[in-house]
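For reference, the chains in residue letters:
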2 protein chains.
Amino acid sequence: MSGSLEIIPLKGLPLIQPGDKLAQLLVKTAEQLRVGVKNRDVFVIGQKAVSKSEGQLVAVDHVRPSRKASELAKMTGKSPGFVELVLRDSRRVMRADKLALIVRTKRGWTCLNAGIDKSNVKGPLTVALLPRDPDGSAFRIRQEIKRCTGKTVGVIITDTHSRPFRLGQVEETIGIAGLSPFVDYRGSKDLFGYELRFKNVAVADELAGTAELVMGQGREAVPAAIVRGLARVRFQNRARSSDLVVSRREDLFRGTL
Amino acid sequence: MSGSLEIIPLKGLPLIQPGDKLAQLLVKTAEQLRVGVKNRDVFVIGQKAVSKSEGQLVAVDHVRPSRKASELAKMTGKSPGFVELVLRDSRRVMRADKLALIVRTKRGWTCLNAGIDKSNVKGPLTVALLPRDPDGSAFRIRQEIKRCTGKTVGVIITDTHSRPFRLGQVEETIGIAGLSPFVDYRGSKDLFGYELRFKNVAVADELAGTAELVMGQGREAVPAAIVRGLARVRFQNRARSSDLVVSRREDLFRGTL
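None of the values given here were measured: they were computed from a predicted structure.

(A) Looking closely at the pairing of strand β8 (residues 154-161) of chain A. Residues and elements named next belong to chain A. For β8, the buried fraction is high: eight of the eight residues fall into the buried class. Here β8 shows two buried faces, one formed by Gly-154, Ile-156, Thr-158 and Thr-160 and the other by Val-155, Ile-157, Asp-159 and His-161. Judged from the five bridges that link them, strand β2 (residues 42-46) and β8 form a sheet pairing that is parallel. Note that in β8 the partner of Phe-43 across the bridge is Val-155.

Structure (structure tokens):
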């Protein structure tokens, strides 16, 4: 249908290993599924696949904890090695008790465990860290897709986030290349000529959640999807996921929780 | 492609007026677009269309403000009538100054202006309130689609929400019928037999954002979309949007903002 969007799960990808050329695997899978790659496709990729391909895997029992990590490990009931990894990626600890370890990461995300996660990682004590520079990862994957196919696409890397006020997690953007994270309506007019003063839609996060609907979180083994047919987003070379972060000072919700 | 999701914008709907039979208009539009209605389709509808069809439109200059509304109007720079409408739908005011009026609504949502909004509403001083009972609205629309077409669908009513920690707004679910808001992984195993203890994905919110990608917020005049091909969600008769609300006491992020 004209104007429809298609969300294509990239089924059949192998389990990603350190050193795998992820972009090439994505393109190969798209070809095997006979969907190919088109200009203005957006590749949405779960963080775990990117982290694995970049070798961001650590056995927590091989990590030497700092004194602060050991203290927080007692407060949270988590292993000292795991907490040490969380602290290394964190700028500030926001909450640390038996229910949750919430930090603001060095990149600005406020999330549980600095995004470090055990699920779908091989080895009983091995965890996956976030990609070191998710925008850089997205940029390189986009370049490599361009090199392999000649097509200009967008790339989004996502992570699963809990949220204030609402139950359950959703997928949100932690890395982006090739498209603006926003569709900005501020200054434009509505149907009756009224000027929109506030609306600036975080389409990157909506795209992250969209892809999750076909990717899943458990044994589905679908770590990536293509979103095809986007009319509204702005494709552009410059993109930064940090544009999605609100500083503590400017957070409208500061003091409400 | 097998497993793909299709997001179909319901283009060509007339501008909704009070008293319009929204479900019938949605079905008629789907037929005119030759996409029809299928079992397990999810209709995602922007709050504004539902509010208009239910006559939830108020001219703020006809509203008599309470003393508290007049005070808050001064603090926020908003009109006393508008603030009065916000207070009538609110349980608690979380922030009130020139930058934002944030409340917890009687239904539990924490949001700006209790979701009361001017955009795409005719009349210089007329605003749209949220539907009185969005789950009830979704339930009735679902029933009416069943009656017109014989098909069993899901219905989600959405609103545009600002969020803590992150810039820009996304579409989130405020009313639901016919499907569970969650896909719950807790207790299931990952690819390597590790038990997932925490993952409970708020697919209703992901569906809301997905539909927004084809609906837009300004002059697009596409107030609804069909999501077709969902494999993961659980269709069921019982559904409550309040399941998406976290109580203040149980909010993991309490004290972090």
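(B) Layout of the pattern of salt bridges. Counted under the stated rule, the structure contains 34 salt bridges over all chains. With its nearest N and O atoms 2.7 Å apart, the salt bridge here joins Asp41(A) to Arg228(A). Pair noted here: Asp41(A) is in the loop between α1 (22-32) and β2 and Arg228(A) is in strand β12 (residues 224-228), with a separation of 187 residues, a long-range link. Look at Arg228(A) and you get buried, because its relative accessible area is 11%. A salt bridge links Arg88(B) to Glu84(B); the shortest N-O distance between them is 2.9 Å. A residue pair is termed a helical-turn pair when its members lie 3 or 4 positions apart in one helix, as Arg88(B) and Glu84(B) do in helix α4 (residues 80-88) at four residues.

(C) Spatial organisation of the sheet that holds strand β5 (residues 101-105) of chain B. Residue and element names in this part refer to chain B. Taken in spatial order, the three strands line up as β4-β5-β6 in an open sheet, and their pairing is antiparallel. Of all strands in the sheet, those bounded by a partner on one side alone are β4 (90-96) and β6 (110-112). Neighbouring strand axes in the sheet, compared pairwise and without regard to direction, differ in orientation by 30° on average. Strand direction decides the pairing type here: β4 and β5, joined by five bridges, are antiparallel. Its bridge partner lying in β5, Val-93 is registered against Val-103. Where helix α3 (residues 67-76) meets the sheet, it contacts β4 and β5, and its direction lies at approximately 25° from that of β4. Against the sheet, α4 engages β4 and β5, with an angle of about 130° to β4.

(D) Structural view of the interface of chain B and chain A. Each partner contributes residues to the interface: chain B has 85 residues there, and chain A has 85 residues. For the pair chain B and chain A, the summed buried surface comes to about 7,900 Å²; carbon and sulfur atoms form 61% of the total. Put simply, chain B and chain A have 14 salt bridges between them. Taking the shortest distance from any N to any O, the salt bridge between Arg166(A) and Glu172(B) comes out at 3.5 Å. Taken together, chain B and chain A are joined by 49 residue pairs in polar contact (both at pLDDT 80 or more). Taken together, the elements giving at least two residues each to the side of chain B that touches chain A come down to β1 (5-9), β4, β5, β6, β8 (154-162), β9 (169-177), β11 (200-201) and α6 (203-215) of chain B. Counting residues per element, the side of chain B that touches chain A draws most heavily on α6(B), which supplies nine residues. Its residues assigned to classes, the side of chain B that touches chain A comprises 40 nonpolar, 20 polar and 25 charged. As paired strands, strand β1 (residues 5-9) of chain A and β1(B) are joined by three bridges and run antiparallel to one another.

(E) Spatial organisation of the relation of the copies chain B and chain A. With an RMSD of 0.0 Å, chain B superimposes on chain A once it is rotated by 180° and translated 0.0 Å along the axis. Taken together, these values place the two copies in the relation of a two-fold axis. Both copies share a contact surface, since 100% of the interface residues of chain B are interface residues in chain A too.

What counts and how
Residues numbered from 1 in each chain as written. Chains lettered and ligands numbered in written order. Predicted model: local features only at pLDDT ≥ 70, side-chain atom pairs only at ≥ 80, totals over all residues. Heavy atoms only, no water. Buried < 20%, exposed > 50% of the residue type's maximum accessible area, 1.4 Å probe, protein only. Helix = DSSP H or I, 4+ residues; strand = E, 2+ residues; numbered from the N terminus. Pairing = 2+ DSSP bridges. Salt bridge = Lys/Arg side-chain N within 4 Å of Asp/Glu carboxyl O. Axes fitted to C-alpha atoms, helices over the stretch in contact; angles between N-to-C directions. Contact = heavy atoms within 4.5 Å. Buried area = accessible area lost by both parts, 1.4 Å probe. Polar contact = N/O pair within 3.5 Å; in protein donor to acceptor, adjacent residues only side chain to side chain. Nonpolar A, V, L, I, M, F, W, Y, C, P; charged D, E, K, R; others polar. Least-squares fit on C-alpha atoms with pLDDT ≥ 70 in both.

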